[in-house]
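# Structure assessment
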Amino acid sequence: MSWDFDETRPIFQQIVEMITRDIVSGKYKAGDKLPSVREFAVTAGVNPNTMQKALSALEESGLIVTQRNSGRTVTDNTKLIGKMRKEAALDAAKKYLEITRAVGLSADEAIEVIKEADKL
Amino acid sequence: MSYLLCMDNVSKSFGKKKVLDGISLKLKSNKIVGLISPNGSGKTTLIKLIMDYLTLDEGSITVDGISAGPMARDVIAYLPDRAMFNGNRKISYAVSYYETAYSDFDKAKCEKYLKTFEINTDETISSLSKGTAEILYLILTLSRNTKLYLIDEPLASVDPVNREIIITTILREFNEDSTVMISTHLLNEVETILDEVVMIKDNKLFCHKSVEEIREETGKSLNEFFKDSFRKNWFGGDK
């Protein structure tokens, strides 16, 4: 089964986002070995060059490292993963605030709503 | 940078009807390229010219530096848009034909894929459904290890499940020393696997572009970009 893409946006960007999400959520753990470009491309149902570009971008951000002999792994730098997790959460929070502001809630009220929703 | 496929100012007419007009196109290795255009716009003609099954009126074509012709065919695996063998032949005949005809044919790979798709080689080709016959021909084509793959309408009669398997098979077998050109109008299916797209419009090369660039520059999917480029304005005006 291939991954679900929004075909109006560059695919490589979406792959970067998806793999980043899988790393910060712990689906891929620090130090985990990752599939080869080919395997990744086949699973995602995307062009191998696009996958290569996405993995290179992830390497640049430091989330993925290439080991000389054992291929690509998730970084064992848990601080970096934590930082990325924070960034992802901040992005989500900003989007949430945009919506709650649009319906007339203050930030404090929006936080109360989150606490309430968490109990449901 | 040398190119795998070079078409220079290629034109072709059938009688008075011009089908291709001054097409210049260069493809590098390591690409999956979509050849997309509405029906009857010369996709199959273009592919047949590369194969030298049709003769050029003007221009030149080289594949891996070899002029289009019998020598160049050695480095091309071609999947025609219609049946390649007499239906009374057994599937095993088609396989041994490929084995004899092409030194780059990987029989083990072929047998592996025939098994995957549960195609029994003792049966005749005409016993296969239209979709399964297409899969057979695709397997034969992809079992060659060559430079240029020309795949004309590989998905037309195949059901959605097998379409996905075919796409996966193309991805799995794709190697970086080769280029695959797929002619199709089923854009949703191939959208995410293409590097580049070649479109022919009004007999001319309309665009040759990276698909990711199209998404980035226009914010459109390939499918939308294609439709917007070819949509006719039925209520007057030109386009």
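Everything here concerns the structure above.
Attention in this report is confined to the structure presented alongside it. (Residues numbered from 1 in each chain as written. Chains lettered and ligands numbered in written order. Predicted model: local features only at pLDDT ≥ 70, side-chain atom pairs only at ≥ 80, totals over all residues. Heavy atoms only, no water.)

## Here's the deal with the environment of Met84 of chain B
Residues and elements named next belong to chain B. Rules: Secondary structure counts use DSSP, requiring at least four H or I residues in a row for a helix and at least two E residues in a row for a strand, with both numbered from the N terminus. Any residue under 20% of the maximum accessible area for its type is buried, any over 50% is exposed, and the rest in between are partly exposed; the area is computed with a 1.4 Å probe on protein chains only. Should any heavy atoms of two residues lie within 4.5 Å, those residues are considered in contact.
Along the chain, Met84 turns up in the loop between strand 6 (76–79) and helix 3 (91–101). On the accessibility criterion, Met84 (27% relative accessible area) is partly exposed. For the pair Met84 and Asp195, spaced 111 residues apart in sequence, the C-alpha separation works out to 28 Å. What Met84 contacts, discounting residues up to four positions off in sequence, is Tyr78, Leu79, Tyr98 and Tyr137.

## Describing the interface of chain B and chain A
The condition is simple: Summed over both partners, buried area is the accessible surface (1.4 Å probe) that two parts give up on being assembled. We count a salt bridge whenever a side-chain nitrogen from Lys or Arg sits within 4 Å of a carboxyl oxygen from Asp or Glu. When residues are grouped by polarity, Ala, Val, Leu, Ile, Met, Phe, Trp, Tyr, Cys and Pro land in nonpolar, Asp, Glu, Lys and Arg in charged, and all others, Gly among them, in polar.
On the side of chain A, 18 residues touch chain B, which itself brings 22 residues to the contact. Summing both sides of the interface, chain B and chain A together bury roughly 1600 Å²; the carbon and sulfur share of this comes to 49%. Among the residues of chain B in contact with chain A, Leu171, Thr192 and Glu212 of chain B are the three that bury the most area, contributing 37% of the side total. Summed over the shared surface of chain B and chain A, the result is 0 salt bridges. When residues of the side of chain B that touches chain A are traced back to their parent elements, those giving at least two are helix 6 (160–173), helix 8 (211–218) and helix 9 (222–230) of chain B. Tallying contributions element by element places helix 6 of chain B first for the side of chain B that touches chain A, with 5 residues. Residues of the side of chain B that touches chain A, tallied by class, amount to 6 nonpolar, 6 polar and 10 charged.

## Looking at the sheet that holds strand 2 (residues 17–27) of chain B
Residues and elements named next belong to chain B. Filter applied, for reference: Strands are labelled as partners when DSSP assigns at least two bridges between them. Convention adopted: a line fitted to C-alpha atoms gives each axis, helices being fitted over their contacting stretch, and angles between N-to-C directions are expressed from 0 to 180 degrees.
Ordered in space as 2-1-4-5, the 4 strands form an open sheet in which the pairing is antiparallel. Each having just a single partner strand, strand 2 and strand 5 (66–67) make up the two edges of the open sheet. Examined bridge by bridge, strand 1 (residues 5–14) and strand 4 (residues 58–63) share 5 bridges and lie antiparallel to one another. Counterpart to Asp8 in the pairing with strand 4 is Ser60. Relative to strand 1, helix 1 (residues 43–51) is tilted by about 120°, and along the sheet it contacts strand 1, strand 2 and strand 4.

## Topic: the state of the cysteines
Residue and element names in this part refer to chain B. Threshold: Cysteine sulfurs are considered disulfide-paired once they come within 2.5 Å of each other.
All chains considered together, the criterion is met by 0 disulfides over all chains. Cys207 takes part in no disulfide bond, and the closest cysteine sulfur, belonging to Cys6, lies 19 Å away. Residue Cys207 is classed as buried on the basis of its relative accessible area, which comes to 11%.

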